[in-house]
Amino acid sequence: MVQYLSTPLDLSFAALSDATRRGIIDQLGREDASITSLADKFQMTLTGMKKHVQVLERAGLVVTQKVGRVRTCRLGKRGLTAEAEWIEAHRKLFEARFEALDEIISEMKREGSDESAS
(Lines give C-alpha, C1' and ligand atoms only; values in the text may rest on other atoms or scores of the structure.)
Protein backbone atom coordinates (compact mmCIF):
# COMPACT_ATOMS: atom_id res chain seq x y z
CA MET A 1 0.00 0.00 0.00
CA VAL A 2 1.20 3.53 -0.69
CA GLN A 3 2.58 5.07 2.47
CA TYR A 4 1.79 8.71 1.74
CA LEU A 5 -1.67 9.22 0.34
CA SER A 6 -2.10 12.81 -0.66
CA THR A 7 -5.00 13.53 -3.01
CA PRO A 8 -8.60 13.50 -1.84
CA LEU A 9 -9.34 10.69 -4.32
CA ASP A 10 -6.52 8.57 -2.89
CA LEU A 11 -7.79 9.13 0.64
CA SER A 12 -11.41 8.42 -0.30
CA PHE A 13 -10.74 5.25 -2.27
CA ALA A 14 -8.39 3.97 0.44
CA ALA A 15 -11.04 4.67 3.08
CA LEU A 16 -13.78 3.03 1.03
CA SER A 17 -11.68 -0.04 0.25
CA ASP A 18 -12.69 -1.56 3.58
CA ALA A 19 -16.12 -3.18 3.99
CA THR A 20 -16.48 -2.02 7.60
CA ARG A 21 -15.83 1.60 6.64
CA ARG A 22 -18.37 1.34 3.81
CA GLY A 23 -20.81 -0.03 6.38
CA ILE A 24 -20.11 2.92 8.67
CA ILE A 25 -20.86 5.31 5.80
CA ASP A 26 -24.14 3.43 5.15
CA GLN A 27 -25.06 3.60 8.83
CA LEU A 28 -24.26 7.30 9.11
CA GLY A 29 -26.34 7.91 5.99
CA ARG A 30 -29.33 6.78 8.04
CA GLU A 31 -28.48 8.64 11.26
CA ASP A 32 -25.61 10.11 13.24
CA ALA A 33 -24.09 7.69 15.75
CA SER A 34 -21.63 7.57 18.59
CA ILE A 35 -18.44 5.59 18.23
CA THR A 36 -19.73 3.30 20.98
CA SER A 37 -22.95 2.53 19.12
CA LEU A 38 -21.02 1.95 15.88
CA ALA A 39 -18.63 -0.40 17.69
CA ASP A 40 -21.60 -2.32 19.10
CA LYS A 41 -23.33 -2.51 15.73
CA PHE A 42 -20.18 -3.79 13.99
CA GLN A 43 -19.19 -6.01 16.93
CA MET A 44 -15.73 -4.56 17.39
CA THR A 45 -13.71 -2.85 20.07
CA LEU A 46 -13.89 0.88 20.64
CA THR A 47 -10.23 1.15 19.65
CA GLY A 48 -10.88 -0.64 16.37
CA MET A 49 -13.87 1.55 15.59
CA LYS A 50 -11.93 4.72 16.44
CA LYS A 51 -9.26 3.70 13.93
CA HIS A 52 -11.86 3.15 11.19
CA VAL A 53 -13.50 6.50 11.96
CA GLN A 54 -10.12 8.27 11.87
CA VAL A 55 -9.49 6.93 8.36
CA LEU A 56 -12.90 8.19 7.26
CA GLU A 57 -12.25 11.55 8.94
CA ARG A 58 -8.89 11.95 7.18
CA ALA A 59 -10.69 11.40 3.88
CA GLY A 60 -13.29 14.03 4.80
CA LEU A 61 -16.11 11.51 4.59
CA VAL A 62 -16.98 11.66 8.30
CA VAL A 63 -16.78 14.35 10.94
CA THR A 64 -16.88 13.80 14.67
CA GLN A 65 -17.80 16.00 17.58
CA LYS A 66 -17.03 15.26 21.20
CA VAL A 67 -19.56 16.38 23.80
CA GLY A 68 -18.58 15.29 27.28
CA ARG A 69 -17.49 11.66 27.00
CA VAL A 70 -19.44 10.90 23.83
CA ARG A 71 -17.91 11.31 20.36
CA THR A 72 -20.68 11.53 17.76
CA CYS A 73 -20.02 10.77 14.09
CA ARG A 74 -21.87 12.15 11.08
CA LEU A 75 -21.29 12.23 7.34
CA GLY A 76 -18.91 14.93 6.17
CA LYS A 77 -20.06 17.70 3.85
CA ARG A 78 -17.53 16.80 1.15
CA GLY A 79 -19.57 13.96 -0.31
CA LEU A 80 -18.38 11.70 -3.12
CA THR A 81 -18.91 13.92 -6.17
CA ALA A 82 -15.28 13.85 -7.34
CA GLU A 83 -15.11 10.09 -6.84
CA ALA A 84 -18.34 9.54 -8.78
CA GLU A 85 -17.06 11.72 -11.62
CA TRP A 86 -13.78 9.78 -11.76
CA ILE A 87 -15.64 6.46 -11.81
CA GLU A 88 -18.06 7.67 -14.50
CA ALA A 89 -15.22 8.87 -16.76
CA HIS A 90 -13.50 5.51 -16.48
CA ARG A 91 -16.76 3.61 -16.92
CA LYS A 92 -17.27 5.44 -20.22
CA LEU A 93 -13.73 4.58 -21.28
CA PHE A 94 -14.24 0.88 -20.54
CA GLU A 95 -17.64 0.92 -22.25
CA ALA A 96 -16.13 2.41 -25.40
CA ARG A 97 -13.37 -0.20 -25.43
CA PHE A 98 -15.82 -3.06 -24.97
CA GLU A 99 -18.03 -1.71 -27.75
CA ALA A 100 -15.00 -1.59 -30.07
CA LEU A 101 -14.13 -5.16 -29.08
CA ASP A 102 -17.71 -6.28 -29.74
CA GLU A 103 -17.49 -4.74 -33.21
CA ILE A 104 -14.22 -6.56 -33.94
CA ILE A 105 -15.71 -9.87 -32.79
CA SER A 106 -18.84 -9.32 -34.89
CA GLU A 107 -16.69 -8.53 -37.91
CA MET A 108 -14.58 -11.67 -37.37
CA LYS A 109 -17.74 -13.77 -37.12
CA ARG A 110 -19.09 -12.27 -40.34
CA GLU A 111 -15.77 -12.95 -42.10
CA GLY A 112 -15.77 -16.52 -40.76
CA SER A 113 -19.30 -17.21 -41.95
CA ASP A 114 -18.47 -15.68 -45.37
CA GLU A 115 -15.46 -18.00 -45.72
CA SER A 116 -17.42 -21.13 -44.74
CA ALA A 117 -20.19 -20.25 -47.21
CA SER A 118 -17.70 -20.18 -50.11
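Here the structure is a predicted model, which is why all the values come from computation and not from measurement.

## Some words on the domain arrangement of the protein
Here is step 1 of the chain: What the domain assignment lists for the protein is domain 1 (7–75) and domain 2 (79–117).
Here is step 2 of the chain: In this structure, domain 1 and domain 2 have C-alpha centres spaced 38 Å apart.
Here is step 3 of the chain: Counting from both sides, the interface comprises 6 residues of domain 1 and, opposite them, 6 residues of domain 2.
Here is step 4 of the chain: Of the roughly 440 Å² buried between domain 1 and domain 2 on both sides combined, carbon and sulfur atoms contribute 81%.
Here is step 5 of the chain: Three residues, L9, F13 and L61, lead the burial of domain 1 against domain 2; their summed loss comes to 71% of the area buried on that side.
Here is step 6 of the chain: On the surface where domain 1 and domain 2 come into contact, there are 0 salt bridges.
Here is step 7 of the chain: Scanning the region where domain 1 abuts domain 2 turns up 1 residue pair in polar contact (both at pLDDT 80 or more).

## Structural notes on the pairing of strand 3 (residues 70–75)
Within a regular strand, side chains alternate between the sheet's two faces.
Here is step 1 of the chain: Relative to strand 3, strand 1 (residues 33–34) runs antiparallel, the two being bridged by 2 bridges. Paired with A33 across the two strands is C73, which belongs to strand 3.
Here is step 2 of the chain: Alignment of strand 2 (residues 62–67) against strand 3, held across 6 bridges, turns out to be antiparallel. Looking at the pairing, K66 lines up with R71 of strand 3.

## Thoughts on the nonpolar core
Here is step 1 of the chain: Among the nonpolar cores identified, the biggest contains 15 residues, and L28, L38, M49, V53, L56, V62 and C73 are the most heavily contacted of them.
Here is step 2 of the chain: Of all the secondary structure elements, the ones that give two or more residues to this core are helix 2 (19–30), helix 3 (35–41) and helix 4 (46–58).
Here is step 3 of the chain: Ignoring anything within four residues of it in the chain, the contact list for L38 reads I24, Q27, L28, A33, M49, V53 and C73.

## Concerning the packing of aromatic side chains
Here is step 1 of the chain: Summed over all chains, the structure comprises 2 aromatic pairs.
Here is step 2 of the chain: A ring pair is formed by F94 and F98, whose centres lie 6.5 Å apart and whose planes are at 35°; its orientation type is tilted. Of this pair, F94 and F98 both sit in helix 5 (residues 81–117), 4 residues apart, which is roughly one turn of that helix. In this structure, F94 and F98 share a single accessibility class: exposed.

## Side note on a positive patch on the surface
Here is step 1 of the chain: A cluster of basic residues, K50, K66, R69 and R71, forms a positive patch on the protein surface.
Here is step 2 of the chain: Along the chain, the position of R71 falls in strand 3.

The rules behind these values
Residues numbered from 1 in each chain as written. Predicted model: local features only at pLDDT ≥ 70, side-chain atom pairs only at ≥ 80, totals over all residues. Heavy atoms only, no water. Domains from an automatic or database assignment. Contact = heavy atoms within 4.5 Å. Buried area = accessible area lost by both parts, 1.4 Å probe. Salt bridge = Lys/Arg side-chain N within 4 Å of Asp/Glu carboxyl O. Polar contact = N/O pair within 3.5 Å; in protein donor to acceptor, adjacent residues only side chain to side chain. Pairing = 2+ DSSP bridges. Helix = DSSP H or I, 4+ residues; strand = E, 2+ residues; numbered from the N terminus. Core = buried A, V, L, I, M, F, W, Y, C linked by side-chain atoms within 4.5 Å. Buried < 20%, exposed > 50% of the residue type's maximum accessible area, 1.4 Å probe, protein only. Phe/Tyr/Trp six-rings, centres within 6.5 Å; stacked < 30°, edge-to-face > 60°. Patch = residues over 30% accessible without salt bridge, like charges linked within 9 Å, V, L, I, M, F, W, Y side chains within 5 Å. Areas by Shrake-Rupley, 256 points an atom, 1.4 Å probe, with all protein chains shown as cover. Lys, Arg positive; Asp, Glu negative; His and termini not counted. Charge placed at Lys NZ, Arg CZ, Asp CG, Glu CD.

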